[in-house]
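# Overview (structure and organization)
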Amino acid sequence: MTTIAPGTASCYAHPASPPVGECRRCDRAICTTCAFEGVGDGGPFSGPTYFCADCMLAGPTAEQQRGAFVFGLGSIACFGLTVFLLGASILAVAAELVPAPREEFLWGVVGVVKFGLVLTGISLGLIGREKGRRGGALLALLGLIGNSALLLLLLGFAIAGSATKG
Ligand SMILES: [Zn+2]
Ligand SMILES: [Zn+2]
């Protein structure tokens, strides 16, 4: 997709140089001298893509910024839901609504859901960061940090919980 067969074109800035690929943002052919390597749009495994110097400085496209925003929002939503569940669990314990044995399954489910939400939030934050490249992904960055902190907290609770049990 981004690779051009050799000889079919030359770099937009260096007519003598064969292109290494196309700029992902403006589709101009670029050579190794002026290509900046970027991360693939489809995730970390989609291979390298390139940006020309102009587009590297110009930042992400509107479409990429939208993607970063949407994924960042999803990441924040996961963070919010997990905080809510965590708060509800802590309140329930504080109010001594300690689970009866038959409710332990439910508590296990809530615990798994919390981990699932946090891991989803981290993934969404990572994708958002990638879509927004360097700038314009503040929401995704916040989601990433928030969810990572929650993951550590949940792991801490899980370890403390199993230590008191055993
Ligand atoms: Zn470009
Ligand atoms: Zn060039």
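Counting from 1, residues in each chain are numbered in the order their sequence is written. Here chains are named by letter from A upward and ligands by number from 1 upward, in the order in which they appear as written. It should be noted that, the model being predicted, local features are given only for residues of pLDDT at least 70 and side-chain atom pairs only at 80 or more, the latter also being counted only at that level, while totals for whole chains, interfaces and linings use all residues.

## Some remarks on the overall build of the chain
To keep things clear, this is the line we draw: Only DSSP runs of H or I reaching four residues or more are called helices, and only runs of E reaching two or more are called strands; each is numbered from the N terminus. Three classes are used. A residue is buried when 20 or more other C-beta atoms lie within 10 Å of its own, exposed when 12 or fewer do, and partly exposed in between, with C-beta atoms placed from the backbone. The contact criterion used is a C-beta to C-beta distance within 7 Å, with each C-beta placed from the backbone.
A count of helices and strands for the chain gives 4 helices and 4 strands. In the chain, the succession of helices and strands from N to C terminus is β-β-β-β-α-α-α-α. Looking at the chain residue by residue over its 166 residues, the buried ones come to 31%. Considering only contacts within the chain whose residues lie at least 6 apart along the sequence, 52% involve residues at least 24 apart.

## A word on the nonpolar core
Put simply, the test is: For our purposes the nonpolar core covers buried Ala, Val, Leu, Ile, Met, Phe, Trp, Tyr and Cys residues that link as a set through C-beta atoms within 7 Å.
In this structure, Phe71, Cys78, Val118 and Ala140 are the most contacted members of the largest nonpolar core, which totals 15 residues. Elements that contribute at least two residues to this core include exactly helix H2 (62–94), helix H3 (104–132) and helix H4 (138–165). Here Cys78 is in contact with Leu117, Val118, Thr120, Gly121, Leu124 and Asn147, once residues within four sequence places are set aside. If you look at the next biggest cluster of nonpolar residues, it comprises 12 residues, including Ala29, Ala35, Phe51 and Cys52.

## Topic: unusual backbone geometry
The backbone phi angle of Asp27 is positive, close to 65°, even though this residue is not glycine. Structurally, Asp27 can be placed in the loop between strand S1 (21–22) and strand S2 (29–30). For Asp27, a count of 12 C-beta atoms within 10 Å translates into the label exposed.

## Things to note about the confidence of the model for the chain
Threshold: Confidence scores here are pLDDT values: one per residue, from the predictor, ranging 0 to 100.
Averaged over the chain, the pLDDT score is 80; the fraction of residues at 70 or greater is 80%. Taken element by element, the chain is modelled with least confidence in strand S3 (residues 36–38), mean pLDDT 76, and with most confidence in S2, mean pLDDT 90.

## Considering H2
Short version of the rule: To estimate the expected span of a helix, subtract one from its residue number and multiply by 1.5 Å.
With 33 residues, H2 should reach 48 Å at 1.5 Å per residue; the first-to-last C-alpha distance of 47 Å fits that figure. Those residues of H2 that fall on the buried side of the exposure criterion are Gly67, Ala68, Phe71, Gly72, Gly74, Ser75, Ile76, Cys78, Phe79 and Thr82. Of the residues trailing H2, Glu96 is marked for its positive phi of about 60°.

## Focus: the environment of Phe84
Secondary-structure assignment places Phe84 in helix H2. For Phe84, a count of 12 C-beta atoms within 10 Å corresponds to the exposed category. Sequence separation between Phe84 and Lys114 is 30 residues, and the spatial gap between their C-alpha atoms is 9.7 Å.

## Some remarks on the environment of Thr120
Topologically, Thr120 is positioned in helix H3. Considered as a pair, Thr120 and Phe79 are 41 residues apart in the sequence and their alpha carbons are 9.3 Å apart.

## Considering the packing of H2 against H3
Here is the rule we go by: An axis is simply a line fitted to the C-alpha atoms; with a helix, the fit covers only the stretch in contact. Between two such axes, the angle follows the N-to-C directions and lies from 0 to 180 degrees. For classification, angles of less than 35 degrees are called roughly parallel, those exceeding 145 degrees roughly antiparallel, those between 65 and 115 degrees roughly perpendicular, and all remaining angles oblique. For any helix crossing, the convention is left-handed if the near helix is rotated counterclockwise from the far helix by under a right angle, and right-handed if that rotation is clockwise. As a working rule, the residues Ala, Val, Leu, Ile, Met, Phe, Trp, Tyr, Cys and Pro are called nonpolar, Asp, Glu, Lys and Arg charged, and the rest polar, with Gly in that last group.
Relative to each other, H2 and H3 sit at 160°, their axes nearing to 8 Å. Taken as axis vectors, H2 and H3 run roughly antiparallel relative to one another. The element H2 and its partner H3 pack so that their crossing is left-handed. Considering only residue class, the contact of H2 with H3 consists of 13 nonpolar, 13 polar and 2 charged.

## Structural notes on the environment of Pro19
Tracing the chain through its elements places Pro19 in the segment before S1. Here Pro19 falls in the buried class, since 26 other C-beta atoms lie within 10 Å of it. For the pair formed by Pro19 and Thr33, sequence separation is 14 residues and the distance between their alpha carbons is 9.5 Å.

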